[in-house]
Amino acid sequence: MFAIETNSLSKIYSTSFGKKKVNALSDISLKISPGTIFGLLGPNGAGKTTFVKLLLGITYPTFGSGLLLNKPVSNYLVKKKVGYLPENHKYPPYLKGRDVLKFFGRLSGISGKELEVKIGELLNAVKLTEWGNVKVKAYSKGMMQRLGLAQALINDPELIFLDEPTDGVDPIGRKEIRDILIEQKSKSKTILLNSHLLSEVEMITDRVGILNKGKLLREGSVKELTEKKEEYKIKLVETEYNYGKYSDQNTLIAKNSDGSLSVKVNDVTSLNLLVDALRKDNILIKEIELQKSTLEEMFISLINESEKNSL
Amino acid sequence: MIKNVWLITLFTLREAMARKVFLFFAGISLIALLGLILVFSVVGIDTFVDIANQSGSKGVIREVVNSIQLIIINPLAGLCLLLAIFSSASFVPSMMEKGNIDLLLSKPISRDQLLLGKYFGGILVVFLNILFLVIGIWIIVSLKFAYWNYSFLYVSITITFAFAVLYSIIVLLGVATRGSILGMMIAYFIFILLSPLLYAYFVEFKSVIENDVLKAFLDGLYYIVPKTSELTGIITINLAAGKGVTEYQPVLTSLIFLILAIGFSIYLFRKKDF
Ligand SMILES: Nc1ncnc2c1ncn2[C@@H]1O[C@H](COP(=O)(O)OP(=O)(O)OP(=O)(O)O)[C@@H](O)[C@H]1O
Ligand SMILES: [Mg+2]
């Protein structure tokens, strides 16, 4: 069973009385296992929010279908086990923080003492205990976001959708939110996280999907996506040497400013042949390191590539 | 699930309280009731009561009590409806605002339940307001005349029903346009102008009109448009006088209108993308 499963999920919005059509989401087939933190990344307008809205029945797909916890998305009862923090969420300004949690808690099917206890716990977790009895119209942006997170967790959901949860939150608050998410994961909850903040996503997600213009460009674990397959950095004891003679069509060598070598090879055999050649000439090797890019580098190059291809 | 609808109903009530308009009306009601008590304690109505009692018939005193009650409730009920239309017009559009609707729809509640909750919530607010006023007037007048005209309590139901019909238009246009203006304008138009005019046509001027096409058109319009004029007028008066519902046609046609409008609202709301 998957926590989330989609089948060619697609959404076309028509605006200006049908004159302009937007392919907000095209043919997305994704499977997300329970207990994962999945990061959905993409530039503005990529379709991240649309994806979540389709899964929650807020908008309807033009084609395709989706399952949440093995139930079709059209079954509203499955949402008993779902929590959601929308982007730009709004609460009635006349409600106090505590009342917001009470309302959405009761709507999610919990009440009475259980709800009271849960509200206390969550206000504490998001550091809003002292603000629980203040009307939300007096909340700052970051406080609204914290309240939104508490609201998303009020029913102890199996599946949590968070659209930019750290938007407007200060660095310490962001760390606290990350800790809350990691704690949820340790309770084997599934989290789908929409974000632009790639360094943050890198810290906590297990898998990521990269969307651009409604298309899923890549999907995989953070490790898989950031590994540069056949690029190594070789550090040598001696730095002055003519490395040119080791290059051939299988092995591209460039010298870095610190004297180390950047090596692009076709496969591991070529790498070992290079090592053999270096060792034969008695060159001492200190370290061989598989090169990695940051998620951000990978993201930017992937998006640029896809923009180029679409031209 | 009734529980979900009830929950939304309660929170709509709360939203209404936060809007202050209903509190404003409750304040006016309270002032009216206090004024009534004051008038009764100053003006020597006792002599009036005596005359009524001397004539010996219960029928006379009942009529006196009934007319006094109606004279007081009539302008206040009208004001209540005007204010209710104004303040309930934004219930549905504000629910459909971005950021709010997303959250509501992510909860285990169906769209039908959500909309019905909003509908019943609006009705409940008006009912409570009217009930407060009707019961207040009823108790004060009845105590004074020592005659308990129970039929007067029906007024709270007819006025609420008239609002329920108007509110169904507001909900329908709220869902369709995502705004409050159009629904509010049409509800006012029907309540203040169209329904009274069509009623006047139906009972007074029908025979005057010679053109058959125009007649058929006006007849059709009369049957289609909610009959708030009769509901708050003749039907309320007869009910309060203990005569029961003397004519069912205005009630039934208005009820059919209400059901169709709400049914269509639900249909539109189910299909909407947010
Ligand atoms: N209700 C709507 N009507 C018409 N077009 C829409 C609607 N909602 C979204 N779109 C379009 O669909 C595309 C995807 O939007 P979406 O909100 O899913 O992007 P996103 O990835 O969440 O962006 P961001 O990072 O800015 O939040 C955009 O081109 C947007 O203009
Ligand atoms: Mg978005």
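Keep in mind that what you see is a predicted model, and the values were worked out from it rather than measured.

Remarks on the interface of chain A and chain B
Move 1: The partner chain B presents 27 residues to the 27 residues of chain A that form the contact.
Move 2: For the pair chain A and chain B, the summed buried surface comes to about 2,700 Å²; carbon and sulfur atoms form 60% of the total.
Move 3: Together, Tyr 76, Tyr 94 and Leu 107 of chain A form the three largest contributors to the area buried by chain A at its contact with chain B, with a combined 24%.
Move 4: Our enumeration of links across chain A and chain B arrives at four salt bridges.
Move 5: Lys 90 of chain A is paired through a salt bridge with Glu 97 of chain B; the nearest N and O atoms lie 3.1 Å apart.
Move 6: Put simply, chain A and chain B have 14 residue pairs in polar contact (both at pLDDT 80 or more) between them.

As for the site of ligand 1
Residue and element names in this part refer to chain A.
Move 1: Near ligand 1 you find 14 residues, and of these Gly 45, Gly 47, Lys 48, Thr 49 and Thr 50 are the closest.
Move 2: Here an oxygen atom of ligand 1 and a side-chain polar atom of Asn 44 are 2.9 Å apart.
Move 3: For ligand 1, an oxygen atom lies 3.1 Å from a polar atom in the backbone of Ala 46.
Move 4: Counting only elements with at least two residues in the shell around ligand 1, the list comes to strand E1 (4-15), strand E2 (20-28) and helix H1 (48-55).
Move 5: Per-element tally for the shell around ligand 1: the top contributor is H1, with three residues.
Move 6: The residue makeup of the shell around ligand 1, split by class, is five nonpolar, seven polar and two charged.

Some points on the packing of aromatic side chains
Move 1: Applying the stated criterion across every chain, the model contains 14 aromatic pairs over all chains.
Move 2: Taken together, a centroid distance of 5.4 Å and an interplanar angle of 10° make the contact between Tyr 119 of chain B and Tyr 167 of chain B stacked. With Tyr 119 of chain B in helix H7 (residues 111-145) and Tyr 167 of chain B in helix H8 (residues 154-177), the pair connects residues that are 48 residues apart, well separated along the chain.
Move 3: Assessed through its relative accessible area of 4%, Tyr 119 of chain B is described here as buried.
Move 4: We classify Tyr 167 of chain B as buried; its relative accessible area is 0%.
Move 5: A ring pair is formed by Phe 264 of chain B and Tyr 267 of chain B, whose centres lie 6.0 Å apart and whose planes are at 15°; its orientation type is stacked. Within this pair, Phe 264 of chain B and its partner Tyr 267 of chain B are both found in helix H13 (residues 249-271), separated by three residues, close to a single helical turn.
Move 6: Here a set of aromatic residues connected by ring pairs shows up, and it is made of Tyr 91, Phe 103 and Phe 104 of chain A together with Phe 11 of chain B.
Move 7: The side chain of Lys 227 of chain B reaches across the aromatic face of Tyr 222 of chain B, ending 5.2 Å from its centre.

Let's talk about the confidence of the model for chain A
Move 1: In this model, chain A carries a mean pLDDT of 89, and residues with pLDDT of at least 70 account for 98%.
Move 2: Ranking the elements of chain A by mean pLDDT puts strand E12 (residues 227-236) of chain A last, at 80, and strand E7 (residues 82-85) of chain A first, at 96.

Brief notes about the pairing of strand E11 (residues 215-221) of chain A
Consecutive side chains along a regular strand alternate between the two faces of the sheet.
Residues and elements named next belong to chain A.
Move 1: Here six bridges tie strand E10 (residues 207-212) to E11, and the two strands are oriented antiparallel to one another. Of the residues in E11, the one forming a bridge with Val 208 is Gly 220.
Move 2: Connecting the antiparallel pair E10 and E11 is a turn made up of two residues, with Lys 213 showing a positive phi of about 50°.

Some points on the coordination of the magnesium ion (ligand 2)
When four donors bind a metal tetrahedrally, each ideal donor-metal-donor angle is 109.5 degrees, and when six bind octahedrally, the ideal angles are 90 or 180 degrees.
All names here are of chain A.
Move 1: For the magnesium ion (ligand 2), the full set of protein donor atoms is Thr 49 (OG1) and Glu 87 (OE), at a range of 1.9 to 2.6 Å. Of the two residues, Thr 49 is situated in helix H1 and Glu 87 in the loop between E7 and helix H2 (97-107); the sequence distance between them amounts to 38 residues.
Move 2: Glu 87 gets classed as partly exposed once you look at its relative accessible area, which sits at 31%.

Focus: the packing of helix H1 (residues 2-19) of chain B against H7 of chain B
Residue and element names in this part refer to chain B.
Move 1: Interaxial distance between H1 and H7 falls to 7 Å at its minimum, and their mutual angle equals 50°. Regarding the angle of H1 to H7, the classification is oblique. Between H1 and H7 the crossing geometry is right-handed. For the pair formed by H1 and H7, the contact residues are Asn 4, Val 5, Trp 6, Ile 8, Thr 9, Thr 12, Leu 13, Glu 15 and Ala 16 on the first element and Gln 113, Leu 114, Leu 116, Gly 117, Lys 118, Phe 120, Gly 121, Gly 122, Leu 124, Val 125 and Leu 128 on the second.
Move 2: Its residues placed into classes, the contact of H1 with H7 shows eleven nonpolar, seven polar and two charged.

Structural notes on the pairing of strand E14 (residues 261-265) of chain A
Residues and elements named next belong to chain A.
Move 1: Of the two faces of E14, the one holding Leu 261, Val 263 and Val 265 is buried and the one holding Ser 262 and Lys 264 is not buried anywhere.
Move 2: Here strand E13 (residues 251-255) pairs with E14 via five bridges, running antiparallel. Bridge assignment links Ala 254 to a residue of E14, and that residue is Ser 262.

Comments concerning the side chain of Ser 306 of chain A
All names here are of chain A.
Move 1: Tracing the backbone through its elements, the reader meets Ser 306 in helix H9 (residues 295-310).
Move 2: Overall, Ser 306 belongs to the buried group, its relative accessible area being 16%.
Move 3: Separated by 3.0 Å, the side chains of Ser 306 and Asn 212 make a polar contact.
Move 4: Ignoring anything within four residues of it in the chain, the contact list for Ser 306 reads Asn 212 and Leu 217.

Here's the deal with the side chain of Asn 149 of chain B
Residues and elements named next belong to chain B.
Move 1: With respect to the helices and strands, Asn 149 occurs in the loop between H7 and H8.
Move 2: Overall, Asn 149 belongs to the buried group, its relative accessible area being 1%.
Move 3: Ignoring any residue separated from it by four or fewer positions in sequence, one finds Asn 149 in contact with Val 65, Asn 66, Gln 69, Trp 138, Ser 142 and Ala 240.

Quick word on the environment of Leu 83 of chain B
Residue and element names in this part refer to chain B.
Move 1: Tracing the sequence through the fold places Leu 83 in helix H4 (residues 58-88).
Move 2: Along the primary structure Leu 83 and Ala 216 are separated by 133 residues, whereas in three dimensions their C-alpha atoms are 34 Å apart.
Move 3: Every residue in contact with Leu 83, bar those within four places of it in the chain, is listed here: Val 21, Phe 24 and Phe 25.

What counts, and where the lines are drawn
Residues numbered from 1 in each chain as written. Chains lettered and ligands numbered in written order. Predicted model: local features only at pLDDT ≥ 70, side-chain atom pairs only at ≥ 80, totals over all residues. Heavy atoms only, no water. Contact = heavy atoms within 4.5 Å. Buried area = accessible area lost by both parts, 1.4 Å probe. Salt bridge = Lys/Arg side-chain N within 4 Å of Asp/Glu carboxyl O. Polar contact = N/O pair within 3.5 Å; in protein donor to acceptor, adjacent residues only side chain to side chain. Near = heavy atom within 4 Å. Helix = DSSP H or I, 4+ residues; strand = E, 2+ residues; numbered from the N terminus. Nonpolar A, V, L, I, M, F, W, Y, C, P; charged D, E, K, R; others polar. Phe/Tyr/Trp six-rings, centres within 6.5 Å; stacked < 30°, edge-to-face > 60°. Buried < 20%, exposed > 50% of the residue type's maximum accessible area, 1.4 Å probe, protein only. Lys NZ or Arg CZ within 6 Å of the ring centre and 35° of its normal. pLDDT = per-residue confidence, 0-100. Pairing = 2+ DSSP bridges. Donors = N, O, S within 2.8 Å, 3.2 Å for Na, K, Ca; no water. Axes fitted to C-alpha atoms, helices over the stretch in contact; angles between N-to-C directions. Parallel < 35°, antiparallel > 145°, perpendicular 65-115°, else oblique. Left-handed = near helix turned anticlockwise from the far one by under 90°.

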